[in-house]
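# Notes for the structure review
Chain by chain, the residues:
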Amino acid sequence: MIFQESETVELKAIAVEDIKKEIIAFANCRGGKLYVGVQNDGTVLGLENPDETSLQISNMVRDAIKPDLTMFLHYETLVADGKKILVIDIQQGTEKPYYIAKKGLRPEGVYVRQGYSSVPATNTAIRGMIKETDGDHFEEMRSLEQNLTFESAKKTFARRHVKFGPEQMKTLGMITQDGVYTNLALLLSDQCVHTIKAAVFQGTKQSEFKDRREFTGSLFQQMDEVYDFINFHNQTHSSFEKLYRIDRRDYPEIAVREALLNLLVHREYSFRASTFISIYTDRLEFTSIGGLVRGVTLEDVTMGISVCRNVKLANIFYRLELIEAYGTGLIKIMEAYEGTGMKPQIETSDNAFKIILPNMNSVSESLRQAQNKSEKDTPETKVIALAKERGFVTRKEVEILLDMGQSSCGRLLKKMTENGLLVQEGKGKKTHYCIPQ
């Protein structure tokens, strides 16, 4: 028998520690045969006790290689040139990538066959094997990083009085049955690689920064810190109605909360790009990676129809009572602006989803400008000027503009509507007035 190394044949004189790499490489590729007791040049040295060598390698495979590969190995003793050698037939595995347990799912732990050698796999190759085995659901795939800690997650679960241990992590989909962390675990771990970038701009364009931050760590940590950042910049403005002071923040807190949770739960985490939060003088924008899930339209979303991209992540947020039910977030955002005459906007592309919250106090500048117009302007011309500038006006805004009581304002708007100067749209709290087209 002639022995020669190839893509599917490896020769080893003795059972050394490096045999693990050869076995892993064959299992991760097309399979192959490993001959022990034969030198690299094909010279047969033989083994004194093939059964003992077989047991040694079998124990090594069982203890040092993950996932379990023992069922894909077949051991046989052959006689060549009058000497006993061991041949191990290694089949291609079905749970790739296989790796050295102590090294993890990294190039130094995962090996593939390249020519006549076993070499470390690239990160791209590792991801490809994971995708091939686990499917295309990011949160269910095995994480490339296995040295994870969960200090932030533990605090969040404890705060909500929800148990968080190995059994719960398996139930939630953070750990596989083989004890391997999934990408879902990576997202909630302190080592999460995804970040959120936030910036505050001077004015309505990205020409001058006032403040900017990048938030890292567990999604729970990012959630808390980003909310505090927005809350700090969510200013409160005061106005008076007769003797009563009325305070109103730039952005409804419920709208900010739901937009932030939407950004965390629904983004496409298979991309490493950061998500963005941008605060301008007139609006707050939440931009996440990943457009709408295939088959879902923007109209579907605004009606409350939800097809969740990250089902297991959403389930965890639901268990922690951070979200109430699928599909209600955007509805709550819209409801938070009812009666203000303003409406949040949603923009989508193939790879991005943006929620734009208008600043409820930005209209005050327009009101001041309208109030400072010539005294010759009539109440009607002032209302029309403001409606042209903003696209619409509400009764409350007209009251402030003209320093007019509710009843008088109602009569003025009714008269202007009857005379064709304004068109009434919406009902109840959503009522507003526009210039006729």
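Above this text sits the structure in question.
First things first, this report covers the structure right here in the doc. A quick note: this is a predicted structure, and the numbers were derived from the prediction, not measured. (Residues numbered from 1 in each chain as written. Predicted model: local features only at pLDDT ≥ 70, side-chain atom pairs only at ≥ 80, totals over all residues. Heavy atoms only, no water.)

## Description of the nonpolar core
Which entries qualify depends on this criterion: Only buried residues count toward a nonpolar core, which is a set of Ala, Val, Leu, Ile, Met, Phe, Trp, Tyr and Cys residues joined through side-chain atoms within 4.5 Å. Only protein chains enter the accessibility calculation, which uses a 1.4 Å probe; a residue is then buried when its area is under 20% of its type maximum, exposed when over 50%, and partly exposed in between. The helix and strand labels rest on DSSP assignments: H or I over at least four residues marks a helix, E over at least two residues marks a strand, and numbering proceeds from the N terminus.
Core analysis: the biggest nonpolar cluster contains 60 residues, and M174, F220, F286, F317 and L357 have the highest contact counts within it. Here the element with the most residues in this core is helix α8 (residues 253-266); it accounts for eight residues. In this structure, L69, F72, I88 and I90 belong to the second largest nonpolar core, which totals 22 residues.

## Comments concerning the packing of helix α7 (residues 219-233) against α8
Stated formally: As a rule, the C-alpha atoms of each element are fitted with a line to give its axis, helices using only the stretch in contact, and angles between N-to-C directions run from 0 to 180 degrees. Whether a crossing is left-handed or right-handed is set by the direction in which the near helix is turned from the far one by less than a right angle, anticlockwise for left-handed and clockwise for right-handed. It only takes one pair of heavy atoms within 4.5 Å for two residues to be counted as in contact. Residues were grouped as follows: Ala, Val, Leu, Ile, Met, Phe, Trp, Tyr, Cys and Pro as nonpolar; Asp, Glu, Lys and Arg as charged; and all remaining residues, including Gly, as polar.
Between α7 and α8, the least distance of the axes is 11 Å, while the angle of their chain directions is 150°. The handedness of the crossing between α7 and α8 is right-handed. Contact with α7, carried on its side by L219, M223, V226, Y227 and I230, involves E253, V256, R257, L260, L261 and L264 of α8 and no other residues of that element. For the contact of α7 with α8, the residue count by class is nine nonpolar, no polar and two charged.

## Details of the packing of aromatic side chains
The criterion, for reference: Stacked, tilted and edge-to-face are the three classes assigned to paired rings of Phe, Tyr and Trp, where Trp is represented by its six-membered ring and a pair needs centres within 6.5 Å; plane angles under 30 degrees give stacked, over 60 edge-to-face, the rest tilted. Placement of a positive charge over a ring is assigned whenever Lys NZ or Arg CZ falls within 6 Å of the ring centre and within 35 degrees of the normal to the ring plane.
For the structure shown, the criterion picks out 10 aromatic pairs. For the pair F150 and F164, a centre-to-centre distance of 6.1 Å together with 65° between the ring planes defines the contact as edge-to-face. You can see F150 sitting in the loop between α3 (123-134) and α4 (151-159) and its partner F164 sitting in the loop between α4 and α5 (166-172), a full 14 residues away along the chain. Pair check on accessibility: F150 and F164 agree, each one buried. These aromatic residues form a ring-pair network of at least three members: F150, F157, F164, Y181, F220 and F317. It is R212 that lies over the ring of F209; its NZ or CZ is 3.9 Å from the centre. A cation sits over an aromatic face here: R283 above Y280, 3.7 Å from the ring centre.

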